[in-house]
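# Per-entry structural report
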Amino acid sequence: MKLEPFEMERMQSTWENRVAHNLSESGVHPMTVEELLGPEERAELMRERLVYVQSNGTEELRAAVAHLHPGARAENVTVANGTAEANFIAAWRLVEPGDEVVLVLPNYMQLWGLVRALGATVVPVRLREETGWGLDAGELGRAVGSRTRLIAVCNPNNPTGAILSDAERKEIVAAAGRHGAWILADEVYRGAERDGQETASLWGAYDRLLVTGGLSKAYGLPGLRVGWVVGPAGMAGELWARKDYITISPGALSDRLARAALRPDLRARILSRTRRILAENYPVLERWVQRRGDSFRLVPPRAGAIAYLGYAWPVNSTELVTRLREEQSVLIVPGDHFGMDGFLRIGFGNEPGELRAGLERIDAVLDRLPAPAA
Ligand SMILES: Cc1ncc(COP(=O)(O)O)c(C=O)c1O
């Protein structure tokens, strides 16, 4: 298996804890255990025995995840170590050498690298900036064919923050249905909508469907490493079998904390914290973008703590990001990591003061760049 580097993850894991200002994250500022649990539950956590929990996640956690997907039950859910592992086991189970995988781009590039490593061909379908990062139904229809094993979509989308319309979701289901393809819908940003309207899931729209998600983004709990796949019960069982060969079970503490986070009262409190952060911080970012006039283009993100900015300066995105890191100790993500030079992804989920400080440092470099092309 020949594996290409997953550039964004490698850059983030190398630098995110070493720079002064990390604006590369796509979720909201992570919570502490103290913020999450009251004193009684914290004391219970201390008494948690560090066993191997059931390797597809405890029954209670799987039932809580199922509850978020109407009609699903615990046996439809496989808990994984992060959405990343959830995507991994799904692709590993479904994709064979010679298959085609239709990938809606831009996207979190895990599946791009992974399905190629599995010997499949990626057939890209690009969201269009000029239509507010809309999906082109014609392009999708042409991309999906008899060799398509899987259509993979990230909704809400990373990096654009776009959300599929009802019509777009239907197009995807119809295209998959015409050829018996599977759909893998990564919905990890669901619950992090700026307007508080939870994104409609693809769950329930089609039988050959796997929905992945987790607690890292909308819940601000990336360090728990809790994700999941929801799918047909038989398939969930097969994905569980894959876990036996890799990480076995979720961490006992993580499973427990995830059960707490998905309790309706706590879940509502966590998601309202997320909405508050998005509502307070987005205007800071937006004003900063507006001050730069025509040098930036921005389709306002609808979900996720990320803004995907097109820029007019004649400089490569990786070079620009490297300069920002080296000269100002601020980390953002270059469009190159999404196969799209000329873009930058800036995370705005941090503390507002921290966001402002990071943006000021970006200004210090932008002010010295050659003038944008007219
Ligand atoms: C779309 C998407 N899926 C999965 C992941 C990985 O998430 P997790 O931390 O839950 O493994 C990310 C992280 O950025 C992501 O953007």
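Residues numbered from 1 in each chain as written. Predicted model: local features only at pLDDT ≥ 70, side-chain atom pairs only at ≥ 80, totals over all residues. Heavy atoms only, no water.

### Digging into the domain arrangement of the protein
Under the domain assignment, the protein is made up of domain 1 (7-32 + 267-366) and domain 2 (48-262). Just the C-alpha atoms count here: the centres of domain 1 and domain 2 sit 24 Å apart. Each side of the interface is counted separately: domain 1 has 31 residues, and domain 2 has 30 residues. In total, about 2,800 Å² of surface goes out of reach between domain 1 and domain 2, with carbon and sulfur atoms giving 58% of it. Seen at the junction of domain 1 and domain 2, the total is three salt bridges. In this structure, Glu25 engages Lys217 in a salt bridge whose closest nitrogen and oxygen atoms are separated by 3.5 Å. Put simply, domain 1 and domain 2 have 15 residue pairs in polar contact (both at pLDDT 80 or more) between them. Mapped onto the side of domain 1 that touches domain 2, the elements with two or more residues apiece are α1 (7-15), α11 (264-291), β10 (306-311) and β13 (343-347). Looking at the side of domain 1 that touches domain 2 element by element, the count peaks at seven residues for α11. By residue class, the composition of the side of domain 1 that touches domain 2 is 18 nonpolar, six polar and seven charged. (Domains from an automatic or database assignment. Contact = heavy atoms within 4.5 Å. Buried area = accessible area lost by both parts, 1.4 Å probe. Salt bridge = Lys/Arg side-chain N within 4 Å of Asp/Glu carboxyl O. Polar contact = N/O pair within 3.5 Å; in protein donor to acceptor, adjacent residues only side chain to side chain. Helix = DSSP H or I, 4+ residues; strand = E, 2+ residues; numbered from the N terminus. Nonpolar A, V, L, I, M, F, W, Y, C, P; charged D, E, K, R; others polar.)

### Some words on the site of the ligand
Surveying the vicinity of the ligand reveals 14 residues, the closest of which are Thr83, Asn158, Asp186, Tyr189 and Ser216. Between the ligand and the protein, one listed contact pairs an oxygen atom with a side-chain N or O atom of Asn158 at 2.8 Å. A distance of 2.7 Å separates an oxygen atom of the ligand from a polar atom in the side chain of Tyr189. Against a free-state accessible area of 400 Å², the protein chains account for coverage of 95% of the ligand. Ranked by residues supplied to the shell around the ligand, first place goes to helix α5 (residues 82-94) with four residues. Split into classes, the residues belonging to the shell around the ligand amount to five nonpolar, six polar and three charged. (Near = heavy atom within 4 Å. Areas by Shrake-Rupley, 256 points an atom, 1.4 Å probe, with all protein chains shown as cover.)

### A word on the pattern of salt bridges
Applying the stated rule across the entire model yields 26 salt bridges. Its salt-bridge partner being Glu48, residue Arg256 comes within 2.4 Å of it at the nearest N-O pair. Of this pair, Arg256 sits in helix α10 (residues 252-261) while Glu48 is found in the loop between α3 (39-46) and α4 (59-67), placing the two residues 208 residues apart along the sequence. Overall, the relative accessible area of 22% leaves Arg256 in the partly exposed class. Between Arg190 and Glu198 there is a salt bridge, and its shortest N-O distance comes to 3.4 Å. Where salt bridges share partners, they join Glu187, Arg190, Glu198 and Arg267 into one cluster. (Buried < 20%, exposed > 50% of the residue type's maximum accessible area, 1.4 Å probe, protein only.)

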